[in-house]
Amino acid sequence: MLAGTGNFTENTRKALEDAALQKALGNVKRGFIAKRAKARAALPEFETLRDEAKEIKIHTLAHMDLYLARYEAQVKRAGGQVHWARDSGQARRIIAGICKAAGAKSVTKGKSMITEEIGLNRYLQAQGYEVVETDLGEYLIQIRGETPSHIIAPAVHLNKEQVETDFRSHHKNLPPERPLSKVSDLVNEARQVLREKFVNADVGITGANFLIAETGQSVIVTNEGNGDLTQTLPRVHIVAASLEKVVPTLEDASTLIRILARSATGQDISTYTTFTSGPKREQDLDGPEEFHVVLLDNGRSGLPGGEFEDMLRCIRCGACLNHCPVYQSVGGHAYGSVYPGPMGSVLTPLLQGVSEARHLPHACTLCGRCEAVCPVRIPLPAMLRRWRMRDFAKKPPLAKAKLGLKLWVFLARHPALYRLITTPVIKILALTGGRKGRICALPFGGAWTDQRDLPAPQGTSFMARWRKGERP
Amino acid sequence: MVKKKKSPAPDAIRIGLFVTCLADLFRPSVAFAAVKLLENAGCIVEVPETQTCCGQPAYNSGDEAGAKALARNVVSAFESFEYVIAPSGSCAAMIRVHYPELLKDDPQFGARAVDLADKTYELISFLTGTLGVRGVDMKLDARATYHDSCSGMRELGIKAQPRTLLASIDGLELRELTDPNACCGFGGAFSVKYPDISGKIVSVKTKDIGDTGAKLLLGSDLGCLMNIAGRLKREGSDVEVRHVAEVLAGELAAPPIGEGD
Ligand code: SF4
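Residues numbered from 1 in each chain as written. Chains lettered and ligands numbered in written order. Predicted model: local features only at pLDDT ≥ 70, side-chain atom pairs only at ≥ 80, totals over all residues. Heavy atoms only, no water.

Draft legend 1. Layout of the sheet that holds strand β8 (residues 240-243) of chain B. Residue and element names in this part refer to chain B. The sheet built from four strands is open, its strands ordered β6-β5-β7-β8 with parallel pairing. Both outer strands of the open sheet, β6 (170-174) and β8, are each paired with one neighbouring strand and no more. Each neighbouring strand pair of the sheet contributes to a mean axis angle of 35°, computed without reference to strand direction. (Pairing = 2+ DSSP bridges. Helix = DSSP H or I, 4+ residues; strand = E, 2+ residues; numbered from the N terminus. Axes fitted to C-alpha atoms, helices over the stretch in contact; angles between N-to-C directions.)

Given below as structure tokens:
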């Protein structure tokens, strides 16, 4: 499924009926939640660390221009180049331009949500480049023609049987009778296929988890080591990152790294945490000849000072997705946007425009579990509610949902009328419930009774009984 | 230990009961139980006539103006009381956490909303906290489990309080859910706007409930309880669902939620 496709309600219906997906989602829930909880329990200063992480981000965002300028200067000092991209289109053109100038044919990629955001792969492929994702999950979805269904575990919706089928149909040059039923078989085969791609690539593109203003370094955290090969083997290394990835100092990056993996996968630290600055120096044994950073704005610079500024604190750990009951139910593709889950429902209307994504902020129970686990304490529910307010204000006055709500508010503001109207309604519902005490189908309440019975009211309101002098 | 109704002392705390629309319209027995628990603890309970809804449906659907209007109503109706108590974590949180924010730019109501927020509590946490109630004098042979409603738990920190009181009931065994922090999928308008997803989420909850082996589900938010009870009954489960106040007050004459006589 591609980002931005389909209709949310239709997507969710399909997702709920997809048995393989439902099984995979069960694993997400059990795996990620328990692992984060364990990591949190093992680190006494976990909550303090969250406060520190939040403060670092707030401070940085308040002085973003300054730190970005510092970062740019440091990258240049190390011999790299920084390119500023206003929007996705510009970012794509800059990256394609670098590839062209390098005379590249083959491009390898480390995992990067920014390149998903700008739709880079299709753009480069259309221009004739071979583009190979080297993160295992990204590789799997690339050969399937899918987008990531999770920001840190892009292929979390797949199971190993599906992967085996895909590998057999995609790696045609390998012996058909080879064993592929074990996860280790699959990993080894992917390694084998990718090894050759790494060596032959002209350009390597990675994302960045942090950009350090003090040192001009970019940081990637990975578990497979593919990012390191992507950025050191080719002649040209391009880092694609968005503006808010900048942090002031190495120390700040360390604090954020301590909270990132714990929140994401429950690891103390990811297997590889790599700091990169500039191209290969004379005394270096390896590394790229050219080093570029493409800094994507895409509307972000307009956020500080506004209602959605807090969203820029996000360090893309994925904890809010893992703990979200809606994400757990339908998975990432149903959202039809690059970023799924709670963070995506706040971000997508900002990135893709409200008209494209107006339903997303409503598809949430406001249970608040996302905010409770967010390492940088982003008030996601409050921001989703803000989107709802904007959407409500824009809705035509006669829209069904608006009208119903307005009627309720009107009644609730007029207690006598409220009681006059509600008295017969609860009587009728109580009668309908009858001796069973519940209603299985309602003419206008199908949305409720399709999924569950409606417990019937007891018959007379508390206020009426109290007024008559009834006491416990 | 609160035994039975004391006649209120002259300096007794005067409480305004915020009944909540669901308890008022669907389940008065919850409000009667709340009155009983508060009176047993020596409070005087009054029920202002002009109360209706706290405005949560409007607020969570994005109707800011509607939510503000209802918030002002509640402030006016309840500000004269020493404390305002609601048998619902989400309604209490609406007043305690969201009113000050909602009315902060209102010259007439801004400060009054803050005052009201300071003295508004969810019933059970008020009993154990402010009133220092440690237990009830009750006997009930039952194996129960507890659903923590999201707003109460995350916005008001209600988790241990109901368990403290339930532990004092003679014969009651409490078994915890495996994922007690999970939402039940109600979410107000969400339950009818996205019925399929809501149904999926609540089915995970009913499975968790079933797995505990408990035969009684308790909680303190009627919205969630009606959602869970409705699903349990639809699935043919024999687990009974009640508001925790009914059990603590021994107000068990009314059939459980979603059951008849
Ligand atoms: S919003 Fe918070 S929890 Fe969600 S991905 Fe971003 S940092 Fe992680």
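Draft legend 2. Local environment of the site of the ligand. All names here are of chain A. As a matter of local geometry, the ligand sits amid 14 residues, with Cys314, Cys317, Gly318, Cys320 and Cys374 nearest to it. Placement of the ligand is best described as lying within the second largest cavity. Taken together, the residues of the shell around the ligand break down into 12 nonpolar, one polar and one charged. (Near = heavy atom within 4 Å. 1 Å grid on protein atoms, 1.4 Å probe; cavity = no way out; pocket = protein on both sides within 12 Å on 5 of 7 lines; lining within 4 Å. Sits in = over half its atoms within 2 Å of the grid points. Nonpolar A, V, L, I, M, F, W, Y, C, P; charged D, E, K, R; others polar.)

Draft legend 3. Layout of the side chain of A:Arg452. Relative to the assigned elements, A:Arg452 resides in the loop between α21 (446-449) and β12 (454-455). Lacking a salt bridge, the buried A:Arg452 has A:Asp450 as its closest oppositely charged neighbour, with an N-O distance of 8.4 Å. At 2.9 Å, the side chain of A:Arg452 forms a polar contact with the backbone oxygen of A:Trp448. A distance of 2.7 Å separates the side chain of A:Arg452 from the side chain of B:Ser198, its partner in a polar contact. Contact partners of A:Arg452, with chain neighbours within four places excluded, come to A:Ala447, B:Ser191, B:Ser198, B:Asn227, B:Gly230, B:Arg231 and B:Arg234. (Buried < 20%, exposed > 50% of the residue type's maximum accessible area, 1.4 Å probe, protein only. Lys, Arg positive; Asp, Glu negative; His and termini not counted. Salt bridge = Lys/Arg side-chain N within 4 Å of Asp/Glu carboxyl O. Polar contact = N/O pair within 3.5 Å; in protein donor to acceptor, adjacent residues only side chain to side chain. Contact = heavy atoms within 4.5 Å.)

Draft legend 4. The arrangement of the sheet that holds strand β2 (residues 44-46) of chain B in detail. Residue and element names in this part refer to chain B. What the four strands build is an open sheet, ordered β2-β1-β3-β4; its pairing is parallel. The open sheet has two edge strands with one neighbour each: β2 and β4 (120-122). Between one strand axis and the next, the sheet turns through 35° on average, direction left out of account. As defined by bridge partners, strand β3 (residues 83-86) adjoins β4 across three bridges and the pair is classed as parallel. Paired with valine 84 across the two strands is threonine 120, which belongs to β4.

Draft legend 5. Main features of empty space enclosed by the protein. Residues and elements named next belong to chain A. Considering all chains together, one arrives at six cavities of 30 Å³ or more under this definition. Empty space within the largest cavity amounts to approximately 140 Å³. In this structure, the largest cavity is lined by 19 residues; those nearest its centre are Cys324, Pro342, Cys364, Thr365 and Cys370. Every element with two or more residues in the lining of the largest cavity is listed here: α14 (325-330), α15 (341-352), α17 (369-373) and α18 (380-394). (Points joined across faces, edges and corners; volume = space filled by probe spheres on them.)

Draft legend 6. Focus on the packing of aromatic side chains. Within this structure, the stated rule accounts for 15 aromatic pairs over all chains. Plain terms: the ring middles of B:Tyr121 and B:Phe126 are 5.6 Å apart, the flat faces sit at 40° to each other, and that makes the pair tilted. For B:Tyr121, a relative accessible area of 23% gives the class partly exposed. Since its relative accessible area comes to 0%, B:Phe126 is described here as buried. Ring pairing ties together the aromatic residues A:Phe8, A:Tyr327, A:Tyr335, B:Phe190 and B:Tyr194, which thus form one cluster. One residue, A:Arg92, lies across the ring of A:Tyr123, its end atom 5.5 Å from the ring centre. In this structure, A:Arg316 is placed above the aromatic ring of A:Tyr339, and the distance from its NZ or CZ to the ring centre is 4.9 Å. (Phe/Tyr/Trp six-rings, centres within 6.5 Å; stacked < 30°, edge-to-face > 60°. Lys NZ or Arg CZ within 6 Å of the ring centre and 35° of its normal.)

Draft legend 7. Spotlight on the environment of A:Thr206. Residues and elements named next belong to chain A. If you trace the backbone, threonine 206 turns up in strand β4 (residues 203-206). Sequence separation between threonine 206 and glutamine 192 is 14 residues, and the spatial gap between their C-alpha atoms is 21 Å. Dropping the residues within four chain positions of it, threonine 206 is found in contact with Gly110, Ser112, Ile220, Gly227, Thr230, Gln231, His237, Ile238, Val239 and Ala240.

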